[in-house]
Amino acid sequence: MSPTPSAHPGPSLPASEANEAIRCFVRARRGWSWTAQDMTEYAELLENWTFAVRAEVVEAA
């Protein structure tokens, strides 16, 4: 039985670029309290990275 397909359309960036986007996002907010919008944007970046990593692992397998 195959796994349930994801609702996510797939990574738009390679995992390395998604990771760099997260690093830049966090660096830009260093020393500041995060707003609800910041946390939402971070969660979206993290989700993109997660899907990109999974896609690369599946491709490698």
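To be clear, the structure that these remarks concern was listed above.
If you're wondering where the values come from, they're calculated on a predicted model, not measured in any experiment.

### So, the packing of helix α1 (residues 15–28) against helix α2 (residues 36–60)
Right, so step 1: The N-to-C vectors of α1 and α2 enclose an angle of 160 degrees; their axes lie 8 Å apart at closest approach. On the basis of the axis angle, α1 is roughly antiparallel to α2. Handedness of the crossing formed by α1 with α2: left-handed. On the side of α1, the interface is formed by Ala-15, Ala-18, Asn-19, Ala-21, Ile-22, Phe-25 and Val-26, while α2 contributes Asp-38, Glu-41, Tyr-42, Leu-45, Leu-46, Asn-48, Trp-49, Ala-52, Val-53 and Glu-56.

### Considering α1
Right, so step 1: Taking 1.5 Å per residue as the helical rise, α1 with its 14 residues ought to reach 20 Å, and the 20 Å between its terminal C-alpha atoms agrees with that figure.
Right, so step 2: Where α1 is concerned, the buried positions are Ala-15, Ala-18, Ile-22 and Phe-25. All buried residues of α1 project into a common sector of 85 degrees when viewed along the axis, lining one side. Residues Ser-16 and Ala-28 are exposed on α1 and point more than 90 degrees away from its buried face.
Right, so step 3: Residues of α1 that are buried sit in contact with α2.

Cut-offs used in this document
- Residues numbered from 1 in each chain as written.
- Predicted model: local features only at pLDDT ≥ 70, side-chain atom pairs only at ≥ 80, totals over all residues.
- Heavy atoms only, no water.
- Axes fitted to C-alpha atoms, helices over the stretch in contact; angles between N-to-C directions.
- Helix = DSSP H or I, 4+ residues; strand = E, 2+ residues; numbered from the N terminus.
- Parallel < 35°, antiparallel > 145°, perpendicular 65-115°, else oblique.
- Left-handed = near helix turned anticlockwise from the far one by under 90°.
- Contact = heavy atoms within 4.5 Å.
- Expected span 1.5 Å × (residues − 1).
- Buried < 20%, exposed > 50% of the residue type's maximum accessible area, 1.4 Å probe, protein only.
- Arc of directions from axis to C-beta.

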